[in-house]
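# Observations on the model geometry
In case you want the letters, here they are:
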Amino acid sequence: MNGMSFSELMYLFCCPPLPSRIAAKLAFLPPPTTYDFTPVESGESKYHIKFNDKAEWQYTDSDVQNIEGFYARTSRGNRIACIFVRCCPNARYTILFSHGNAVDLGQMSSFYLGLGMRINCNIFSYDYSGYGTSNGKPSERNLYADIDAAWQTLRTSYGISPENIILYGQSIGTVPTVDLASRYEVGAVVLHSPLTSGIKVAFPRSKRKWFFDVFTSIDKVSEVNSPVLVIHGTHDEVIDFSHGVAIYEKCPRAVPPLWVEGAGHNDVELHNVYLERLKQFVTTELLN
């Protein structure tokens with residue numbers, strides 16, 4: 001999330017701002033596109049994914065065949081890019097992954113394949129409007145429409161039941177994840193470096209609620225009736241650790257959280273406890 005200049009702060013408090021403008025300023029940093037889709041066959045609706053050098057794909061060319069690409073149409077008229085990563089032939093769970101800021105599907109694909117193979121899950125993901133090859137512009141309203149389109153595609157095109165879906169949100173991706181999880185009961189939810197609200201990120205010392213706040217996950221998370229694992233680095237420099245604690249405390253069915261000692265915002269996955277905790281959650285806690 002970005003900081004704000006003094007003049008922007010004055011505008012924020014002196015003029016009634018539009019929530020969509022606050023959201024755009026605080027949250028969205030779409031990177032240059034790191035991939036493209038090429039049709040499997042002429043006239044087909046399924047695509048191969050083709051990476052450029054910025055994607056940093058870490059696996060073999062044959063592993064790319066495990067990634068199936070396609071487009072979904074949102075209720076707001078945008079066409080969003082989606083991928084289904086077949087990591088394990090007998091996976092019980094499929095993770096619907098909402099990625100963080102400043103990345104796209106090309107940059108995340110290596111991580112998805114490695115994570116899915118290690119915790120025995122397939123992974124379905126999508127690019128937000130305005131990210132990757134998805135059209136439109138990023139906004140809070142589009143975030144919710146984007147994940148709805150991804151959810152409906154996963155349910156209808158792949159026939160996966162809600163109890164076999166794990167919603168995983170990272171950073172800004174926790175916002176649509178919490179919204180969807182508050183409306184549908186699923187197998188489980190993972191909230192990785194979640195934020196309570198946009199204003200609380202921009203103004204950590206603010207104690208009051210603002211009518212123009214955005215990304216208000218803290219107001220929705222109490223409606224999540226699925227098991228929730230919260231993960232947060234204790235030294236997060238972007239979304240303070242206190243956000244993760246507040247989200248955890250309001251989850252009705254929270255499991256023991258993972259507080260990664262010394263981790264920041266972008267290196268939680270590099271700590272061994274991250275993978276160990278996810279394995280335990282998926283292979284033991286959810287099955288008992």
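As a starting point, this report considers the structure included with it. Here the structure is a predicted model, which means the values were calculated and not measured.

## Focus: the pattern of salt bridges
Tallied over the entire structure, the rule returns six salt bridges. Residue K46 pairs with E68 through a salt bridge whose shortest N-O separation is 3.8 Å. On the criterion of sequence distance, the pair formed by K46 in the loop between β1 (35-39) and β2 (47-51) and E68 in strand β3 (residues 67-73) is long-range, its members being 22 residues apart. In this structure, R277 and E285 form a salt bridge, with 2.4 Å as the shortest nitrogen-oxygen distance. On the accessibility criterion, R277 (9% relative accessible area) is buried. One network of salt bridges, in which partners are shared, links D148, D179, R183 and K220.

## As for the pairing of β3
Strand residues, when the strand is regular, have side chains that alternate between the two faces of the sheet. Counting buried residues along β3, five of its seven residues qualify, which places the element largely inside the surrounding structure. As paired strands, β3 and strand β4 (residues 79-85) are joined by seven bridges and run antiparallel to one another. The residue of β4 that forms the bridge with F70 is C82. Hairpin connection from β3 to β4: five residues lie between these consecutive antiparallel strands, with G77 at a positive phi of about 85°.

## With respect to the packing of aromatic side chains
Aromatic ring pairs are described here by two measures, namely the spacing of the ring centres and the angle between the planes. Per the stated rule, a full pass over the model turns up 21 aromatic pairs. A ring pair is formed by F97 and F111, whose centres lie 6.0 Å apart and whose planes are at 80°; its orientation type is edge-to-face. Within this pair, whereas F97 is found in strand β5 (residues 93-98), its partner F111 is found in helix α3 (residues 105-119), the two being separated by 14 residues in sequence. Each member of the aromatic cluster is reached from another via a ring pair, and the members are Y35, F37, Y47 and Y71. Between R79 and the ring centre of Y71, over which it is positioned, the NZ or CZ distance is 3.7 Å.

## Focus on the side chain of T234
With respect to the helices and strands, the residue T234 is situated in the loop between β9 (228-233) and α7 (241-250). Taking relative accessible area as the criterion, T234 reaches 18% and is therefore assigned buried. Sequence-distant contacts of T234, defined by excluding residues within four places in its chain, comprise F241, W259, V260, E261, G262 and A263.

Calculation notes
- Residues numbered from 1 in each chain as written.
- Predicted model: local features only at pLDDT ≥ 70, side-chain atom pairs only at ≥ 80, totals over all residues.
- Heavy atoms only, no water.
- Salt bridge = Lys/Arg side-chain N within 4 Å of Asp/Glu carboxyl O.
- Helix = DSSP H or I, 4+ residues; strand = E, 2+ residues; numbered from the N terminus.
- Buried < 20%, exposed > 50% of the residue type's maximum accessible area, 1.4 Å probe, protein only.
- Pairing = 2+ DSSP bridges.
- Phe/Tyr/Trp six-rings, centres within 6.5 Å; stacked < 30°, edge-to-face > 60°.
- Lys NZ or Arg CZ within 6 Å of the ring centre and 35° of its normal.
- Contact = heavy atoms within 4.5 Å.

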